[in-house]
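Below are the chains, spelled out letter by letter.
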Amino acid sequence: MSEKLNATKVNYKLNNGKTMPALGFGTFCAPEDQSIVKDCVIAAVKAGYRHIDTAYLYQDEKAIGDALQELFKEGVVKREELFITTKVWPNFWDKVEESFSTSLKNLQLEYVDLVLQHWPLCYPKITDNETGYIVFTPTDDQGNIMEEKDASYLETYKQLEKIYLDENDHRIRSIGVSNYTVDNLKDLFRDPTIQTCPSVNQIAIHPGKPQNEIVDYCQEKGIVVTGYTPYGSQGGPALKLPLIKQLSEKLDMSVNEVVISYFLNRNLVIIPRTWKTERLPQSLHYKKLPKEIIEQISNVKIDFE
Ligand SMILES: NC(=O)c1ccc[n+]([C@@H]2O[C@H](COP(=O)([O-])OP(=O)(O)OC[C@H]3O[C@@H](n4cnc5c(N)ncnc54)[C@H](OP(=O)(O)O)[C@@H]3O)[C@@H](O)[C@H]2O)c1
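Residues numbered from 1 in each chain as written. Predicted model: local features only at pLDDT ≥ 70, side-chain atom pairs only at ≥ 80, totals over all residues. Heavy atoms only, no water.

With respect to the side chain of Thr 86
- Relative to the helices and strands, Thr 86 is located in strand E6 (residues 83-88).
- Exposure remark for Thr 86: the relative accessible area of 1% places this residue in the buried category.
- Here the side chain of Thr 86 touches Glu 61 through a polar contact of 2.6 Å, side chain to side chain.
- In this structure Thr 86 touches Thr 54, Ala 55, Tyr 56, Glu 61, Phe 100, Ser 103, Leu 107, Val 112, Leu 114, Val 115 and Leu 116, once residues within four positions along its chain are discounted. (Helix = DSSP H or I, 4+ residues; strand = E, 2+ residues; numbered from the N terminus. Buried < 20%, exposed > 50% of the residue type's maximum accessible area, 1.4 Å probe, protein only. Polar contact = N/O pair within 3.5 Å; in protein donor to acceptor, adjacent residues only side chain to side chain. Contact = heavy atoms within 4.5 Å.)

Structural data, given as structure tokens:
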């Protein structure tokens, strides 16, 4: 039986020479009590995580920033030892500077390691009259999502690239995309005004959803793939699959570690989330797995998205 390895020590080289940790801490669906976000981020870094995944949409960047400041003050880690990702939501498709500078301010950082275009979509920026908050997914009277007319989703990537390539601007270390299909990437490569190949494409991947076509395409092009919702999202349904439980017993690993192994054996970045600090130790290790087990996990039947 192969030995357990420390997933927090695995790093991938990006196409611009920078390094990205294979295991990141996901921070979607933050609890209303933001002190839980702060405590979990501190606990994750103390447990060995060096990569945090957030987004403007998640509305938890301030609490993450507070956690990071405390970790720096306590001397637990230095800024350069961490990898922080944020994302630009489609309401800001043509206002990247506004979105990104707000994220940076809330994170209380001088730079982020990776900024992603969250979706290849353009939504209008509408504020709710009562709350004053941005309506992240605006809908019309019939409940249909309102997309901006005559807008090109590549505009967001172009604006990100402009900041990234500006020699006098050091706020972004790498840029990438999220939820891009092969066709979206081909569109991007065809645009003569874009010079920079995305470093990362972040897409949904979990047992039963291997996404082989887009993963192969990205890996051929030198784009690192990050898989989100690795445990199947809310409630962790992928961790409850009989196959994952059987493999956990057979391979002497937690169910979480089986999934982490599935990702790392495919050279994918994984960004699992828990808002329970006591669960963090279950998501730190992995093992080398034979191809047959990877295929079994890829092909398992699932009844969730
Ligand atoms: N780019 C995008 O469009 C996009 C979309 C979605 C997500 N993401 C990113 O990907 C990250 C991960 O996705 P996700 O947060 O949706 O879901 P996930 O990591 O697949 O699953 C999280 C769920 O698993 C549960 N869980 C964790 N460990 C468990 C255990 N040992 N036993 C039972 N349940 C367990 C968590 O519950 P507890 O909290 O109760 O432990 C939580 O409900 C996000 O946080 C976000 O950073 C990106």
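Side note on the site of the ligand
- Taken together, 30 residues sit near the ligand, with Arg 273, Thr 274, Lys 276, Arg 279 and Gln 282 positioned nearest.
- For the ligand, an oxygen atom lies 3.5 Å from a polar atom in the backbone of Gly 236.
- Contact distances for the ligand include 2.5 Å between an oxygen atom and a side-chain N or O atom of Lys 276.
- Here the ligand has 910 Å² of accessible area as a free molecule, and 91% of this is covered by the chains. (Near = heavy atom within 4 Å. Areas by Shrake-Rupley, 256 points an atom, 1.4 Å probe, with all protein chains shown as cover.)

Brief notes about the nonpolar core
- Formed by 102 residues in total, the largest nonpolar core has its most connected members in Phe 25 and Leu 264.
- The dominant element in this core, judged by the number of residues it contributes, is helix H8 (residues 255-264), at seven residues.
- Every residue in contact with Phe 25, bar those within four places of it in the chain, is listed here: Cys 40, Val 41, Ala 44, Tyr 49, His 51, Ile 52, Asp 53, Pro 272, Thr 274, Trp 275 and Leu 280. (Core = buried A, V, L, I, M, F, W, Y, C linked by side-chain atoms within 4.5 Å.)

Topic: the UniProt feature "active site" (unreviewed entry) in the protein
- Per the UniProt entry, the sites bearing "active site" (unreviewed entry) are Tyr 58 in this numbering.
- Looking at where Tyr 58 falls in the secondary structure, it is placed in the loop between strand E5 (51-53) and helix H2 (61-74).
- Among the residues examined, Tyr 58 registers a relative accessible area of 13% and is labelled buried. (UniProt positions renumbered as here; feature names shortened; annotations may be inferred.)

A short note on a positive patch on the surface
- On the surface, Lys 240, Lys 245, Lys 276 and Arg 279 cluster together to form a positively charged patch.
- Within the secondary structure, Lys 276 is located in the loop between strand E11 (269-270) and strand E12 (285-286).
- The class for Lys 276 is partly exposed, based on a relative accessible area of 40%. (Patch = residues over 30% accessible without salt bridge, like charges linked within 9 Å, V, L, I, M, F, W, Y side chains within 5 Å. Salt bridge = Lys/Arg side-chain N within 4 Å of Asp/Glu carboxyl O. Lys, Arg positive; Asp, Glu negative; His and termini not counted. Charge placed at Lys NZ, Arg CZ, Asp CG, Glu CD.)

Points about the packing of helix H7 (residues 242-251) against H8
- Contact geometry for H7 and H8: axes closest at 8 Å, N-to-C directions at 95°. By the angle between their directions, the pair H7 and H8 is classed as roughly perpendicular. For the pair formed by H7 and H8, the contact residues are Ile 244, Lys 245, Leu 247 and Ser 248 on the first element and Val 255, Val 258 and Val 259 on the second.
- Residues of the contact of H7 with H8, tallied by class, amount to five nonpolar, one polar and one charged. (Axes fitted to C-alpha atoms, helices over the stretch in contact; angles between N-to-C directions. Parallel < 35°, antiparallel > 145°, perpendicular 65-115°, else oblique. Nonpolar A, V, L, I, M, F, W, Y, C, P; charged D, E, K, R; others polar.)

Re the UniProt feature "domain: NADP-dependent oxidoreductase" (unreviewed entry) in the protein
- The UniProt feature table records "domain: NADP-dependent oxidoreductase" (unreviewed entry) at residues 24-299.
- Across residues 24-299, the secondary structure splits into 36% helix and 12% strand, with the terminal C-alpha atoms separated by 25 Å.

A short note on H8
- With 10 of 10 residues buried, H8 is to be regarded as a mostly interior element.
- Turning to H8, its buried residues number three or more, namely Val 255, Asn 256, Glu 257, Val 258, Val 259, Ile 260, Ser 261, Tyr 262, Phe 263 and Leu 264.
- On its buried side, H8 packs onto strand E2 (11-13), strand E10 (224-228), H7, E11, E12 and helix H9 (291-299).

Considerations on the sheet that holds strand E9 (residues 200-204)
- Strand order across the open sheet formed by eight strands is E4-E5-E6-E7-E8-E9-E10-E11, with parallel pairing between neighbours. Each edge of the sheet is formed by a strand with only one pairing partner; in this case those strands are strand E4 (25-26) and E11.
- In this sheet, strand E8 (residues 175-178) lies alongside strand E7 (residues 114-117) in parallel orientation, the contact comprising three bridges. Within E8, the position partnered with Val 115 by the bridge is Ile 175.
- Packing against the sheet, helix H3 (residues 96-107) makes contact with E6 and E7, and its axis sits at approximately 145° to E6. (Pairing = 2+ DSSP bridges.)

Brief notes about helix H4 (residues 154-165)
- Here H4 spans 16 Å end to end across 12 residues, near enough to the 16 Å set by a 1.5 Å rise per residue.
- Residues of H4 that are buried: Leu 154, Thr 156, Tyr 157, Leu 160, Glu 161, Ile 163 and Tyr 164.
- Summarising the contacts, the buried residues of H4 are in contact with E6, H3, E7, E8 and helix H5 (182-190). (Expected span 1.5 Å × (residues − 1).)

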